[in-house]
Amino acid sequence: MPTRHRLLAAVVALLWGLNFLAIDASLQHYPPMFLVALRFAVLAVPTVLLVPWPGVPVRWLIGYGLGFGVLQFTFLYWGMSAGMPAGLASLVLQASGPFTVVLGATFLRERVSGRQLVGILVAVAGLAVVGWQRAEHAAVLPFLLTLAGAFGWAIGNVCNRQARPRNPLHLALWMSVVPPLPMLAVSLVVEGPDRIWTSLVSYDDPAAVAAVVGLAYTVVLGTVVGSGLWTWLMARHPAGVVAPFSMLVPVVGMTAAWLVLGETATPGELAGGVLVVVGVLLGSRPPRRGPTTVPGTERSPERTLGVAASTGPAPTR
């Protein structure tokens, strides 16, 4: 990979890592379920009007939208609003990698190499350490919610794999049409119309400007720019060369959260984080005989969060 392309991959990791700060800012003003609906509605409208149909079976588009869009971001935003630190969330969401490998082996009968199995076990051990530290020093529920978000991302990756889009970015954008209506319905029931309305009209709130800027960052830089660059790189280089750059996302996320939000992690959480990163690196590498067999990594434009990506579509991360 040329140096210029490596720098672009690092830029994507930077954009996706900072995205967790943007999400944290948005959650200071918008209720979490409504924020999920709003985030994807802002993407869905121009997508329907301007982006060509990705040419995939509708069932896999819906599955991708429900897994990657609804489940991942519902649990991620819920977990962060319940107290999950933004930096630690960027780390725990990397569990989507091992989850994807397990789901691919279970439902798609994809072969798991010995190295991938070791990676999964190492990552699980790291997550167990982080969860234990959370239980010792803070509430464990936000950690479990974020972990559930990572599992939702993995479901989305498997559906993405089955969809086999000609243009992964078009699929990632069209996926945004799935979450808004169901999430708006959930928000109306759980959070109530009064809270939704207040978040839309109370822009004299000091946190409102930062929330709107955070939402704009998530949609434009985190999703469109970040996913676009990632897809462009994935189309030109093997997934095993590009995907490891996603491991910079929790490094950026945790560092930025420490500098901007004053978040700190216990030594145990840091040790568990190192295990997670190492495990994901091992688990996301394809077997030697296959060029790109890890589900989601060669197709999903938001491999870490976060979109994952994240991907995110990231998660549209």
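Keep in mind it's a predicted model, so treat the numbers as computed, not measured. (Residues numbered from 1 in each chain as written. Predicted model: local features only at pLDDT ≥ 70, side-chain atom pairs only at ≥ 80, totals over all residues. Heavy atoms only, no water.)

Overview of a nonpolar patch on the surface
Together, L184, V186, L188, V189 and V190 line one region of the surface with nonpolar side chains, adding up to about 430 Å² of accessible area. Structurally, V190 can be placed in helix 9 (residues 180–190). Look at V190 and you get exposed, because its relative accessible area is 57%. (Patch = residues over 30% accessible without salt bridge, like charges linked within 9 Å, V, L, I, M, F, W, Y side chains within 5 Å. Areas by Shrake-Rupley, 256 points an atom, 1.4 Å probe, with all protein chains shown as cover. Salt bridge = Lys/Arg side-chain N within 4 Å of Asp/Glu carboxyl O. Helix = DSSP H or I, 4+ residues; strand = E, 2+ residues; numbered from the N terminus. Buried < 20%, exposed > 50% of the residue type's maximum accessible area, 1.4 Å probe, protein only.)

Observations concerning unusual backbone geometry
Positive phi is not limited to glycine here, since R109 has a value of about 55°. For R109, the position within the fold is in the loop between helix 5 (96–107) and helix 6 (114–137). Accessibility expressed as a relative area gives 67% for R109, which makes it exposed.

So, the pattern of salt bridges
The final tally for this structure, using the stated rule, is one salt bridge. R161 is paired through a salt bridge with E110; the nearest N and O atoms lie 2.9 Å apart. Linking R161 in helix 7 (residues 141–163) with E110 in the loop between helix 5 and helix 6, this pair joins segments that are 51 residues apart in sequence. Across the pair, E110 and R161 agree in class, each one buried.

Some remarks on the packing of helix 1 (residues 3–27) against helix 3 (residues 58–81)
Contact geometry for helix 1 and helix 3: axes closest at 10 Å, N-to-C directions at 70°. One way to sum up the angle between helix 1 and helix 3 is to call them roughly perpendicular. Crossing angle aside, the handedness with which helix 1 passes helix 3 is right-handed. Taking contact as the criterion, the partners of F20, I23, D24 and L27 in helix 1 are, on helix 3, L76, Y77, M80 and S81. Here the residues of the contact of helix 1 with helix 3 sort into six nonpolar, one polar and one charged. (Axes fitted to C-alpha atoms, helices over the stretch in contact; angles between N-to-C directions. Parallel < 35°, antiparallel > 145°, perpendicular 65-115°, else oblique. Left-handed = near helix turned anticlockwise from the far one by under 90°. Contact = heavy atoms within 4.5 Å. Nonpolar A, V, L, I, M, F, W, Y, C, P; charged D, E, K, R; others polar.)

Details of the packing of aromatic side chains
Summed over all chains, the structure comprises ten aromatic pairs. Both rings, one in W16 and one in W230, keep their centres 5.3 Å apart while their planes meet at 50°; by these two values the pair is tilted. Separated by 214 residues along the polypeptide, W16 in helix 1 and W230 in helix 11 (residues 206–234) bring together distant segments of the chain. Look at W16 and you get buried, because its relative accessible area is 0%. Summarising the aromatic geometry, the rings of W53 and W174 are spaced 5.2 Å apart at their centres and angled 80° between planes, so their arrangement reads as edge-to-face. Taken together, the residues W53 in the loop between helix 2 (32–50) and helix 3 and W174 in helix 8 (residues 168–174) connect sequence positions 121 residues apart. Overall, the relative accessible area of 13% leaves W174 in the buried class. Among the aromatic residues, those joined into a ring-pair cluster are F40, Y64, F68, F73, Y77 and W153. Over the face of the ring belonging to F40 we find R39, whose NZ or CZ atom lies 5.3 Å from the ring centre. (Phe/Tyr/Trp six-rings, centres within 6.5 Å; stacked < 30°, edge-to-face > 60°. Lys NZ or Arg CZ within 6 Å of the ring centre and 35° of its normal.)

All we've got here are geometric facts, nothing functional implied.
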